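# Coordinates in review
Spelled out from the first residue to the last, the chains are:
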Amino acid sequence: MTRFSLGKYLLPTYVFLTFLFLMVPIGYTFVFSFNDSIKSNIIWRGFTLDNWLNVCDQADVCGAFGNSLLVAVTATAVSTVLGTMIAIALVRYRFKFRSATNLLLFLPLATPEVVMGAGLAAQFLDFGWTKGLTTVIIAHVMFTLSFVVVTVKARVATLDPALEEAGRDLYASPMQVFWKITFPLLLPGILSAAMLAFALSFDDFIITQFNSGSVDTFPKFVYTAAARGIPPEANVVGSFVFIVAIAIVIAVQVRSALKKRKLLSK
Amino acid sequence: MAFVAFGSQTPAKEQGPSKTGRVALFLLLPGLFYLALFFITPLVSLIITSLKAPSATGAIGRYDFGLEFGNYVYAVTQYAPQIFRSFSFAVLATVLALAISYPIAYFIAVKSRNRPLLKGILLTLVVAPFFISFLLRTFAWKQIFSNDSLVVNVLKDIGIFGADSYIIGTNFAVVFGLVYNFIPFMTLPIYANLDRLDLSLVEAGSDLYASPSKTFRKITLPLSLPGIISGTLLTFIPISGDYVVASRDFLGGPDTAMIGNVVEANFLRIQDYPTASAISVMLMATIVVLVSAYVRRSGTDDLL
């Protein structure tokens, strides 16, 4: 009897407490985005909306945020296209060097960021390339590519090849088959891969620090600012991104739940 | 039209495999070429740099090509404590993250299986930390545990802490921060595995009068081993190269530096590229050994 009640209440209580623990720093960051701080954002000095309304008073925060967006959008676009092509090839075609390809795609996932960051930086030094936005984007495409492949590959594997065959039987050109059948069916997978790549790129710090030179991205700004105290405007940006991301996740979940219900009622 | 299509199709069908090969090549080459250029050659650059010798001109940050294997000896002897510490922190944090995450993953995958709403909420909460910069989260812990914080003062008041005790800058703080940051990385793969667990196997165990703990040890745990392994890799690898948590500006102190901190300081601050590269190469080699042991177990197709 005791074991039964333990199993019944112990695990949910534990899960609840752990989630509470996971949320503590998020809540802290959010709360201190409203702090009426003067110089450092350490002690609570009162509530204000000023940080939210005038984020760009801290020009560095705003500029870094803009750079992060630019890098993430560009890198996501490139790596989503390249990664989707690879994913289709992996599932649909037979080719030699398959295990070498798998290994080449897996290695970046298994390499510590500091190694990829230092390696790329060493190469840029050897090439004599100046570090800046371009080198950051190059680096971000590199480390997000494999994540895109993994995500899209899972979707390609669920596609029924018969659908494409039907298109071919009806004399559709390979291009028509791809754009009218394959692509629309893959779209959900491609979109979630793009979202993942965007999130990874936006939040990346270590590889960025090694390859950005004097360019600031948002995480790099936070790292540099930590020495003297992070301004509340950085908390605003972090909280804002968090709210947008959570809203997207909830919207996606609600949409798929509604779709499921519609299918069931039919 | 039909004739043209037919005419072009017949020879294509005959040389089927080679055409497939060409399409596959067209799809694969751009991405693989990109990885070769910006992932593989950088690793080669790293090895070459790790063997370079100081420039004959004596200029700081300039190095000549060489075969200075002594760079490795220097790196190991100079930074032995940091290398040892990284390894211990990574093992300890991975084990703790596993212990904390497994019950969460189990609860979401098994106990919430028939409650889609609860499951959706819990999964969102697990990934929620990903959506706010891990630097901000780590810095938040620094504030929460700072010397004049509520937490430290309460610990002092109830007598657990002496008057001059502190948290930030200790090994405890660094391991704590590492565990916190990597709980989601551990939870998700275990969840993904347990989500596919066939509950009738567990029922069979209890039908045969096995105790719940025996059923767990003999059925659930072995079946979830692949999830545990990928969670462990996803946690151990990033931790072994992390330098944010152990940085003095975050949760670390003068005696908490890890391999990542050494690479950062040598590469970006004092421009000792050969030493930084030698350490990176050794870190990479260790990880490759670990991963290839894993690959030998499960084959390359399961990697992705």
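Calculation notes
Residues numbered from 1 in each chain as written. Chains lettered and ligands numbered in written order. Predicted model: local features only at pLDDT ≥ 70, side-chain atom pairs only at ≥ 80, totals over all residues. Helix = DSSP H or I, 4+ residues; strand = E, 2+ residues; numbered from the N terminus. Buried ≥ 20, exposed ≤ 12 C-beta atoms within 10 Å, placed from the backbone. Contact = placed C-beta atoms within 7 Å. Domains from an automatic or database assignment. Nonpolar A, V, L, I, M, F, W, Y, C, P; charged D, E, K, R; others polar. Core = buried A, V, L, I, M, F, W, Y, C linked by C-beta atoms within 7 Å. Expected span 1.5 Å × (residues − 1). pLDDT = per-residue confidence, 0-100. Axes fitted to C-alpha atoms, helices over the stretch in contact; angles between N-to-C directions. Parallel < 35°, antiparallel > 145°, perpendicular 65-115°, else oblique. Left-handed = near helix turned anticlockwise from the far one by under 90°.

### Brief notes about the overall build of chain B
On a plain count of helices and strands, chain B comes out with 13 helices and two strands. When its C-alpha atoms are laid out on the principal axes, chain B stretches across 90 × 75 × 35 Å. Counting across all 304 residues of chain B, residues that qualify as buried make up 40%. When contacts within chain B are restricted to residue pairs at least 6 apart in sequence, long-range pairs at least 24 apart make up 65% of them.

### A word on the environment of L70 of chain A
In this fold, L70 of chain A is placed in helix 3 (residues 59-92). Taking C-alpha positions, L70 of chain A is 9.3 Å from F202 of chain A, a pair spaced 132 residues apart along the chain.

### Things to note about the environment of S240 of chain B
With respect to the helices and strands, the residue S240 of chain B is situated in helix 11 (residues 225-241). Sequence separation between S240 of chain B and L251 of chain B is eleven residues, and the spatial gap between their C-alpha atoms is 16 Å. Filtering out sequence-adjacent residues up to four positions away, S240 of chain B remains in contact with P112 of chain A together with S86, A90, I259 and L283 of chain B.

### Structural notes on the domain arrangement of chain A
Residue and element names in this part refer to chain A. In terms of domains, chain A is made up of domain 1 (1-58 + 234-266) and domain 2 (59-230). Opposite the eight residues of domain 1 that make contact, domain 2 presents eleven residues. Here the residues of the side of domain 1 that touches domain 2 are counted per class, giving five nonpolar, three polar and no charged.

### Here we look at the interface of chain A and chain B
Taken together, the contact between chain A and chain B spans 71 residues of the former and 70 residues of the latter. Class assignment of the residues belonging to the side of chain A that touches chain B gives a composition of 53 nonpolar, 13 polar and five charged.

### Re the nonpolar core
One broad rule of soluble globular proteins: the nonpolar side chains tend to lie buried together. A118 and V222 of chain A are the most contacted members of the largest nonpolar core, which has 140 residues in total. With residues up to four places along the chain from it excluded, the contact list for V222 of chain A reads I230 and A234 of chain A together with S133, L135 and L136 of chain B.

### Re helix 4 (residues 98-110) of chain A
In a regular helix each residue adds 1.5 Å, so 13 residues correspond to 18 Å; helix 4 of chain A covers 18 Å between its end C-alpha atoms and thus fits that length. For helix 4 of chain A, every residue scored as buried is listed here: T101, L105, L107, P108 and A110 of chain A.

### Examining the confidence of the model for chain B
Close reading of the predicted structure is inappropriate where its pLDDT is low. Residues and elements named next belong to chain B. Residues at a pLDDT of 70 or more form 90% of chain B, whose mean pLDDT is 87. Of all the helices and strands in chain B, helix 1 (residues 2-14) carries the lowest mean pLDDT, 32, while helix 4 (residues 80-111) carries the highest, 96. Across residues 1-18, confidence stays below pLDDT 50; counting only partners more than four residues off in sequence or on other chains, it has three contacts. This complex was scored by the predictor with a pTM of 0.89 and an ipTM of 0.89.

### Some thoughts on unusual backbone geometry
A positive phi angle, close to 60 degrees, is found at F97 of chain A, a residue other than glycine. Following the sequence through the fold, F97 of chain A ends up in the loop between helix 3 and helix 4. For Q271 of chain B, which is not glycine, the phi torsion reads 55 degrees and is therefore positive. Here Q271 of chain B lies in the loop between helix 12 (259-269) and helix 13 (273-298).

### A short note on the packing of helix 8 (residues 171-194) of chain B against helix 11 of chain B
Residues and elements named next belong to chain B. As a packed pair, helix 8 and helix 11 sit with axes 8 Å apart at the nearest point and diverge in direction by 155 degrees. Considering the angle they form, helix 8 stands roughly antiparallel to helix 11. Pair helix 8 / helix 11 crosses with right-handed handedness. Contacts between helix 8 and helix 11 involve L178, F182, F185, M186, P189, I190, A192, N193 and L194 from the former and P226, G227, I228, S230, G231, L234, T235, P238 and I239 from the latter. Across the contact of helix 8 with helix 11, the residue classes tally to 13 nonpolar, five polar and no charged.

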